[in-house]
Amino acid sequence: MLDLQGVRAVKLLQDLARTCDVHDHSVTMLGVRLQLPDDRVDRQDLYRQILVKTDEVLSHHRAQAGRAPRSHGAAAAAKVDTDPAVLLRGENLTKRYAGAAAWALRDVTLTVPVGAPVGVVGPNSAGKSTLLNLLAGSLAPSSGALTYPGFAAAMRAGSLDWSAIRRQIRHVPQRPPRWSGRMRDNLRVWAACLEYHGERNDREVDYVLERMDLAAHGDKTWGALSGGVRMRFELARAWIGESNLLVLDEPLAPLDARMQHSLLRDLRDYTRFPRRPAVVFSAQNTAEIEAHLDLVVCLDGDGQALYVGPPRAIARGAKHHVLEVVVRDPEPLRDVVGRHEGCVLRVRDGVVLIAVPVDADEALAQIRAHTRVGVDVDGVRDISRSVRLLFWEGSR
């Protein structure tokens, strides 16, 4: 039985075989060794070899792609933004739906790098789905501009060729429509629409079923599947073929904790492959996703951006440590916090938020101690370096 690292190693070998379109000898040998009994293989060494081989093959394929001849058609002649490190740019993106009094999204500016996992977070009705629909081309902004430097081949005479761009985007909405027939047959039809035929169609469908842990569900219909499996089917369909951008609206919502972790890891691996697609997805719970992101877009309740940038940069220049405490009665903590100058306690949505000046180490230690003993605490988390800190500071 493979552990989680072993499962990831198998998936990386599947990705390599698909990328190469042939079974590279050393990749095949790694796969054979992975199936040997435990007493014949140093598993940790084997996993390291697989990761090294993955990087080696990807570097080779990226170098080959870099030597590809440039197009001499209208797209090449147009003077457009073709920064190779940027997939898309949005400037002052704003959306108000017809008949609505409030803006759904207001003046959001972001740059999505090639090969980046990007998270969009915020409370309900913050405009997360609206932003994703704009990026995927399903909605037009009321004002603002979208450009796609990473889609330069889809530019025509200085303007966007939407039909070409949409073919390179995979969009999974929050509530995908119901489908008929067997899962495997639906994937085969979708692959055929992307010009995968015959044995190539079978290989691609088998690959995505295995990659998304759906092999046991291939002959099932929509009604026989859980919400989590239905979401993984949508992701499997989005995985077919090559795309530049994968847009996912709340993909973690129907998944359990184990599958959430697996999906986040798979999305990170997906962005590493030769075409270097970006993945943009929304989520309610920031704690689970921020370690997997290169870029985070934090929206407030009015559809405006609180922050756009790397999650790791959030704590730079912070003036407070912030503890988030779930407690039944906040009064004992209020007494403790009140003894320390500069410390602040607030209660918001049933959660206690305690801000402690960054130079007040003794006060921080004492407050931490009281959250462990003497107070009926259900949970405590330091959000000083978390995206959640932005919503705390935004509400002060």
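Here the structure is shown first, and the text comes after it.
Residues numbered from 1 in each chain as written. Predicted model: local features only at pLDDT ≥ 70, side-chain atom pairs only at ≥ 80, totals over all residues. Heavy atoms only, no water.

**Q** How do you make sense of the sheet that holds strand 10 (residues 295-299) when you look at a structure like this?
**A** One open sheet holds the six strands; their spatial order is 7-8-9-3-10-11, and the pairing between them is mixed. Here the strands that pair on one side only, and so sit at the sheet edges, are strand 7 (169-172) and strand 11 (305-309). Taken over all neighbouring pairs, the strand axes of this sheet differ in orientation by 10° on average, direction set aside. Direction of pairing for strand 7 relative to strand 8 (residues 245-248): parallel, over a ladder of four bridges. When the bridges of strand 8 are listed, V172 appears paired with L248. On the sheet, helix 9 (residues 227-239) packs against strand 7 and strand 8 and is oriented at approximately 170° with respect to strand 7. Packing against the sheet, helix 10 (residues 257-270) makes contact with strand 3 (117-121), strand 8 and strand 9 (278-283), and its axis sits at approximately 155° to strand 9. (Pairing = 2+ DSSP bridges. Helix = DSSP H or I, 4+ residues; strand = E, 2+ residues; numbered from the N terminus. Axes fitted to C-alpha atoms, helices over the stretch in contact; angles between N-to-C directions. Contact = heavy atoms within 4.5 Å.)

**Q** Please clarify how the sheet that holds strand 4 (residues 143-147) should be interpreted in this entry.
**A** Strand pairs in the sheet, formed through backbone hydrogen bonds, run parallel or antiparallel to each other. If you trace the three strands from one edge of the open sheet to the other, you get 2-1-4, paired in antiparallel fashion. For this open sheet the edge positions go to strand 2 (105-113) and strand 4, each flanked by a neighbour on one side alone. Direction aside, the axes of adjacent strands within the sheet are offset by 5° on average. In this structure, strand 1 (residues 86-95) lies alongside strand 2, joined through six bridges in antiparallel fashion. Of the residues in strand 2, the one forming a bridge with R89 is T111.

**Q** Would you take a moment to explain helix 9 for this structure?
**A** Side chains of residues three or four places apart in an α-helix project in the same direction, reflecting 3.6 residues per turn. In a regular helix each residue adds 1.5 Å, so 13 residues correspond to 18 Å; helix 9 covers 19 Å between its end C-alpha atoms and thus fits that length. Within helix 9, 10 of the 13 residues are buried, leaving the element largely enclosed by the surrounding structure. Turning to helix 9, its buried residues are G228, V229, M231, R232, F233, E234, L235, A236, A238 and W239. Two residues or fewer past helix 9, G241 is found with a positive phi of approximately 75°. (Expected span 1.5 Å × (residues − 1). Buried < 20%, exposed > 50% of the residue type's maximum accessible area, 1.4 Å probe, protein only.)

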